[in-house]
Amino acid sequence: MSIPPLCERPAYEALARHYSKMERRHLRELFAEDATRGERFCAEAAGIYLDYSKNRITEETLSLLMQLARESELERRRDMMFAGERINVSENRSVLHVALRMPKGTSLMVDGIDVMAEVHEVLDRMADFAIKIRSGAWTGHTGKPIRNIVNIGIGGSDLGPVMAYEALRHYTDRNLTFRFVSNVDSTDFVEATRDLAAEETLFIVSSKTFGTLETLTNATSARDWVIGQLGDYAVAKHFVAVSTNADRVAEFGIDTANMFGFWDWVGGRYSMDSAIGLSTMVALGLEGFGDLLAGFHAMDEHFRTAPPEKNLPMLMGLLAVWYVNFFGAQSIGVMPYDQYLKRFPAYLQQLTMESNGKHVTVDGAVVDYQTGPVYWGEPGTNGQHSFYQLIHQGTALIPIDLIGFGKSLNPLRDHHDILSSNVFAQAQALAFGKTEQEVRAEGTPDAVVPHRVMQGNRPTNVLLAEKLTPHALGALVALYEHSVFTQGTIWGIDSFDQWGVELGKQLALAIIPELKSATEPELGHDSSTNALIRHYRALKARP
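Residues numbered from 1 in each chain as written. Predicted model: local features only at pLDDT ≥ 70, side-chain atom pairs only at ≥ 80, totals over all residues. Heavy atoms only, no water.

- By the naming in an unreviewed UniProt entry, the chain is Glucose-6-phosphate isomerase, taken from Mycobacterium kyorinense.

So this is what it looks like as structure tokens:
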């Protein structure tokens, strides 16, 4: 029996009626009516505590959202994913990033193949490589140990590794230097390598097909850079590949014995704990990378087994649906109060928006409701001195996730208490605001009163963990992965393809020779594109 379209599901219709009451309710009232709200609207798993009490919901809201999840067959679809069924319908693929972090000794048969045996074979090869680099046993062309690792990739082949490195820098081997090159803008490569010596540098080139234009352009420049310093025969000792295309890897000059593979059931934005995480394993060592995988797996198991009303990813995903589809929220903010997580919002942008930026259902029908919101953010407290003004007093409703930790990895005086006070204060201020009466009671002049009123009723989730460890990061990433899955399931879309990224790249391939041509090319684009190409060529030709 097929699932009815979203707007025809009984729970959705009930939520629409319920929203007509809730849109007028204020969080001040909800807390005044229930003194235990803060203790009841919370859940905890894999070392992460979620306080969702400052959301514009009641028990009835939660009950209806859970009913919507049942009518959307969320748990069945989740079980299909964990079993390796082909839920990526447009590409006819399994979705098995959860297998990347399942412990050694487990088995998962897909199409007659135990994928876990393959996963751990690659992990073991990664471990051998990481040990050689970290111990100095792997030497470059001149016999010197490798001291610099440069990861070349783009999208999931870059965002995951660079986010993990920055987030877990505290735990990395500081005797090694790590750089990340993704942008085809030559400045990215030049600045990443400016102060490095080729004889101590190794490049990890990450591309599933070994055909991604940006990655291969940067990799070719890296090869030229190495050859320019060390000669034609140095490539084999200074490059490894993360790819599935052995022929192209060999053609490039990389020894396929130094190629680490992954599978078509791993989407790029879900691949940071596959061989794409090779630089992460080198940086952290085997134990640290193992803790990262354990954190992922702990949240996977929670998502797989916990009841919906205590299931962190389900709760967060359903709350996102509540705000997007009923309150009309266009974006969701993620604000980590830890400087190490400065790249986490950027990582989430691909995870969320590439996954759920879809306008058709899995059946190919055009949706008549909103799907994926814009995710964005900046570490606290920086954001408080820039865009929080709009969140507090602007006209747009922007639900916010505030992420904090009980302990600092770098304790210094009272910094961490000051930092953490802002997590709780911002959640409190966004929820309750400041009334006109409170502003007047402070002796504010009448003309200024309207400017100082804070409406409040701005929803937040607060996520707390003891400290930022590899385990905590893995659990946090998996939490958002499964929240994305929850949202996509409710919307009835395929969260695991990304056809929208292809069109621009295809058109670029046609334009490149027109920009490079020594003679004026014949242009057949629209008038705007033709004019822009001509203007670019004129700028380029100026002495």
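### Observations regarding the UniProt feature "active site" (unreviewed entry) in the chain
Stage number 1. Under the UniProt annotation, "active site" (unreviewed entry) lies at E354, H385 and K505. Separation in sequence by 152 residues is matched in space for these annotated residues, since their most distant C-alpha atoms are 37.0 Å apart. Narrowing the list just given to those that line the largest pocket leaves E354 and K505.
Stage number 2. Of note, H385 is situated in the loop between strand 11 (374-376) and helix 15 (388-393).
Stage number 3. On the basis of relative accessible area, H385 is assigned to the exposed category, the value being 72%.
Stage number 4. Take K505: it is sitting in helix 20 (residues 502-516). (UniProt positions renumbered as here; feature names shortened; annotations may be inferred. 1 Å grid on protein atoms, 1.4 Å probe; cavity = no way out; pocket = protein on both sides within 12 Å on 5 of 7 lines; lining within 4 Å. Helix = DSSP H or I, 4+ residues; strand = E, 2+ residues; numbered from the N terminus. Buried < 20%, exposed > 50% of the residue type's maximum accessible area, 1.4 Å probe, protein only.)

### Remarks on unusual backbone geometry
Stage number 1. In this structure, the amide linkage connecting G380 to the following residue, T381, adopts the cis form with an omega of 10°.
Stage number 2. If you trace the backbone, T381 turns up in the loop between strand 11 and helix 15.
Stage number 3. Of note in this structure, R413 is not a glycine but carries a positive phi near 45°.
Stage number 4. You can see R413 is positioned in the loop between strand 12 (400-405) and helix 16 (415-432).
Stage number 5. Residue R413 is classed as exposed on the basis of its relative accessible area of 74%.

### Quick word on empty space enclosed by the protein
The probe, sized like a water molecule, is rolled over the atoms to show the empty space still left.
Stage number 1. Across all of its chains, the model carries three cavities of 30 Å³ or more by this definition.
Stage number 2. Computed from the structure, the largest cavity encloses a volume of approximately 120 Å³.
Stage number 3. Contributing to the lining of the largest cavity are 16 residues, with M316, A320, I332, D401 and N461 lying nearest its centre.
Stage number 4. Going through the elements one at a time, helix 13 (312-325), strand 12, strand 13 (460-465) and helix 19 (470-491) are the ones with two or more residues in the lining of the largest cavity.
Stage number 5. By residue number, the principal contributor to the lining of the largest cavity is helix 13, which donates four residues.
Stage number 6. For the lining of the largest cavity, the residue count by class is ten nonpolar, five polar and one charged.
Stage number 7. Here the second largest cavity defines a volume of roughly 60 Å³.
Stage number 8. Surrounding the second largest cavity, I48, I403, G404, F405, L463, L464, A465, L468, A472 and L476 form its lining. (Points joined across faces, edges and corners; volume = space filled by probe spheres on them. Nonpolar A, V, L, I, M, F, W, Y, C, P; charged D, E, K, R; others polar.)

### Structural notes on the nonpolar core
Stage number 1. Core analysis: the largest hydrophobic core is formed by 128 residues, its most contacted members being W322, F344, L473 and Y480.
Stage number 2. The residue makeup of this core includes at least three contributed by each of domain 1 (6-72 + 306-494) and domain 2 (97-288).
Stage number 3. Residues in contact with F344, not counting those within four places in the same chain, are M163, V334, I403, L476, V477 and Y480.
Stage number 4. Counting residues in hydrophobic clusters, the runner-up holds 24 residues, among them F189, A192, A234 and F239. (Core = buried A, V, L, I, M, F, W, Y, C linked by side-chain atoms within 4.5 Å. Domains from an automatic or database assignment. Contact = heavy atoms within 4.5 Å.)

### Describing the packing of helix 4 (residues 59-71) against helix 13
Stage number 1. Where helix 4 meets helix 13, the closest approach of the two axes is 10 Å, and the angle between their N-to-C directions is 100°. One finds that helix 4 runs roughly perpendicular with respect to helix 13. Facing T61, L62, L65, M66, L68 and A69 of helix 4, the residues of helix 13 in contact are L315, L318, V321 and W322.
Stage number 2. Its residues placed into classes, the contact of helix 4 with helix 13 shows nine nonpolar, one polar and no charged. (Axes fitted to C-alpha atoms, helices over the stretch in contact; angles between N-to-C directions. Parallel < 35°, antiparallel > 145°, perpendicular 65-115°, else oblique.)

### Quick notes on the layout of surface pockets
Stage number 1. Empty space within the largest pocket amounts to approximately 1,400 Å³.
Stage number 2. For the lining of the largest pocket, the secondary structure elements donating two or more residues are helix 7 (156-167), helix 9 (213-230), helix 14 (344-356) and helix 20.
Stage number 3. If one sorts the elements of the lining of the largest pocket by residue count, helix 20 sits on top with six residues.
Stage number 4. Residues belonging to the lining of the largest pocket are distributed by class as follows: 16 nonpolar, 21 polar and eleven charged.
Stage number 5. Computed from the structure, the second largest pocket encloses a volume of approximately 560 Å³.
Stage number 6. Lining of the second largest pocket is provided by 29 residues; of these, I3, T361, V362, D363 and G492 occupy positions nearest its centre.
Stage number 7. Every element with two or more residues in the lining of the second largest pocket is listed here: helix 5 (74-82) and helix 19.
Stage number 8. Of the residues contributing to the lining of the second largest pocket, the split by class is 15 nonpolar, six polar and eight charged.

### A word on the pattern of salt bridges
Should their charged atoms come close, side chains of opposite charge can pair.
Stage number 1. Tallied over the entire structure, the rule returns 28 salt bridges.
Stage number 2. Between R25 and E29 there is a salt bridge, and its shortest N-O distance comes to 2.9 Å.
Stage number 3. What makes R25 partly exposed here is its relative accessible area of 21%.
Stage number 4. Residue K358 is joined to D497 by a salt bridge in which the shortest nitrogen-to-oxygen separation is 2.8 Å. Taken together, the residues span a long stretch of sequence, with K358 in the loop between helix 14 and strand 11 and D497 in the loop between helix 19 and helix 20 at a distance of 139 residues.
Stage number 5. You can call D497 buried: its relative accessible area is 7%. (Salt bridge = Lys/Arg side-chain N within 4 Å of Asp/Glu carboxyl O.)

### Section: the domain arrangement of the chain
Stage number 1. Segmentation of the chain into domains returns domain 1 (6-72 + 306-494), domain 2 (97-288) and domain 3 (502-541).
Stage number 2. Put simply, the middle of domain 2 and the middle of domain 3, counted by C-alpha atoms, are 34 Å apart.

### A few points about helix 4
Stage number 1. Spanning 13 residues, helix 4 covers 18 Å between terminal C-alpha atoms, matching the ideal 18 Å at 1.5 Å per step.
Stage number 2. Taken as a whole, helix 4 has its buried residues at T61, L62, L64, L65, M66, L68 and A69.
Stage number 3. In this structure, the buried side of helix 4 is in contact with helix 1 (10-22), helix 5, helix 13 and helix 19. (Expected span 1.5 Å × (residues − 1).)

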